[in-house]
Amino acid sequence: MSMSQTLPFLYATGTYYEVGFSIGSTFAERINRFWNESEGVSKYDIPFHETSRGQEYFNAALKVCEMNFPQYIQEIKGMADGAKMPFDHLFMLNISKEVQNVLVKVPSVTKEKTGCSDVFLNRPTVKILGHNEDCDPKIKKYGYMVSVRILDEQGVRELESFTSYCYPGVLPGTAVSFNRYGMVFTIDGLYTDYIIETAPPRQFLNRSIIKAHSLDELIELIKNPGFGVAYGFAVNVVDITNPTDFWSIEVGPQANVSLFHVHTIAEEKDSSKPCHYYHINQYKHLNIQETAELKSSKFRTKRTEELPPPNSLHDVLCVLGDQENMEYPIYRTKRSTDKSATALTAIVDVNKNRIDFYTENPSREKAVPLFHLNILDV
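Counting from 1, residues in each chain are numbered in the order their sequence is written. With pLDDT at 70 or above as the cut-off, local features in this predicted model cover only qualifying residues; side-chain atom pairs require 80 or more to be listed or tallied, and sums for whole chains, interfaces and linings still use all residues. Only hydrogens and water are set aside when side-chain values are computed; all heavy atoms of the structure are taken into account.

As annotated in an unreviewed UniProt entry, the protein chain is Beta-alanyl-dopamine/carcinine hydrolase-like isoform X2 from Biomphalaria glabrata.

In C-alpha cells:
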C-alpha cells in the first residue's frame, strides 16, 4: 500500500455559476491536465466533435440542456471560466458518455472504463453500502472532492447542499455523492446500445438527482417528465434518516420520461438468511438491449457469485478488493484486458452515519481509509 495518498477537497458556497467558477479555478490544473492527457478525449471526443455529425449532436444536446437544466449549464460555464478553458471543451466532457458509448466506434474494453461495483448489506446491526468507483485511470490522478452550498441569485435561499467525488471538469453526481438531508448516492454506468438524442445527456440527470430529499423526490427527478434521459445508469441509494430499506434503481433511456425500476433491499432480521445485494454494470431488472461483450461486467458478476455471501464490513472490503480474476478483477487496475482503474472505494456505514474513502485496495492488510466524513454533519 502506498504510504502517500492525497485527494484534494474544496468547500464552496454561491450561485451555480459562482460554485462552478470556484471548482474550475481551484482545480484548473487538474481539469486541463485531464483534458490534455485522457485517451478517451483525444481519440474519440475531440475527433467526433470536429465532424458535422459531432457538431449536430453537440448543438442538440446543448439545446435540450439549456431548456431542461439551465442552472447546470451556468455551472459548467463557471467551471470553464474558472479553469480558463473553452465552454465547448467542458460541455464535451459532460456528453462523453453518449459519444464514446454509442456515437463513435469504441472498443468494448474502452467502453467499460466507466464501470463500478456495489455491495449492499442490510441487517439491523450491519447496514453497509460499498462502492468501487471505476473509471479512466487519469481520473484517479486528477479527481477531487467538493462540498458545496448552492444559493439563489440573491444569496439568501439555499437551493442545494451536497458533497461529491468529481471527475475533472465533469458535473458532480456521476460518482459518489451525499446531501445534507442524509441521502447517499452511488452511480453505476449501464451500457445500452442506443441513446435518445432529443433527451438530456446522462451526466445532467446524475447532477440533478443528488439534491433529492427523499426516495419519492428522487424517483420524480429520475423520471424527468417532459425530457427523459439520453442514456442509462443505475443509482444505489441509502437514506440515513430512514435506514430500514435500501434501493438500487436502474434507469433506461427514453424520451419525455425516463424508464426506471426500483429494487428494494429490505432489512433482513433473520441471521440465517443472506442480507446482501450486488449491482455491477449490467441491467438486472429492466429489459433493455445492451452493448455486446461487456466482459468486465460479466466476469465481475461471476466472481461475486463465486464468493461466500458477505455478512460484515470486512467481507464487503474483501469483495470490493478482490483481484482473483487476473484479466477482469473486481478491484481494477489498468491492464491489456481492462482499461479501467478503481479511483476510490467508498464505504457507507449507515448505523455510524459515516462514509469512508479508500484510495488504495481496501482489502489489503492494514488498509485504512484516507479520510471519513459524517454524512449528516458536513
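Draft legend 1. Structural context of the pairing of strand β2 (residues 116–122). Most of β2 sits out of view: seven of its seven residues are buried. Per-residue accessibility, obtained with a 1.4 Å probe over protein chains only, is compared with the maximum for each type, and a residue is labelled buried under 20%, exposed over 50%, and partly exposed between these values. Comment: elements are numbered from the N terminus, with helices defined as DSSP H or I runs of at least four residues and strands as E runs of at least two. Burial of β2 is two-sided: the residues C116, D118, F120 and N122 facing one way and the residues S117, V119 and L121 facing the other way are all buried. Where β2 and strand β3 (residues 127–135) come together, seven bridges link them in antiparallel fashion. Note that in β3 the partner of F120 across the bridge is L129. Whether two strands pair comes down to DSSP finding at least two bridges between them. Hairpin geometry of β2 and β3 is characterised by an intervening segment of four residues between the two adjacent antiparallel strands. Pairing analysis gives four bridges linking β2 to strand β13 (residues 276–279), with the strands arranged antiparallel. Of the residues in β13, the one forming a bridge with D118 is H279.

Draft legend 2. Structural detail: the pairing of strand β6 (residues 176–179). Because side chains alternate across β6, one face comprises the buried residues V176 and F178, and the other comprises S177 and N179, equally buried. Pairing geometry for strand β5 (residues 158–166) and β6, over three bridges, is antiparallel. Each bridged residue has a counterpart across the sheet, and for S164 the counterpart in β6 is S177. In textbook terms, the turn of a hairpin is the stretch between consecutive antiparallel strands, and for β6 and strand β7 (residues 183–189) this stretch comprises three residues, one of which, G182, has a positive phi near 90°.

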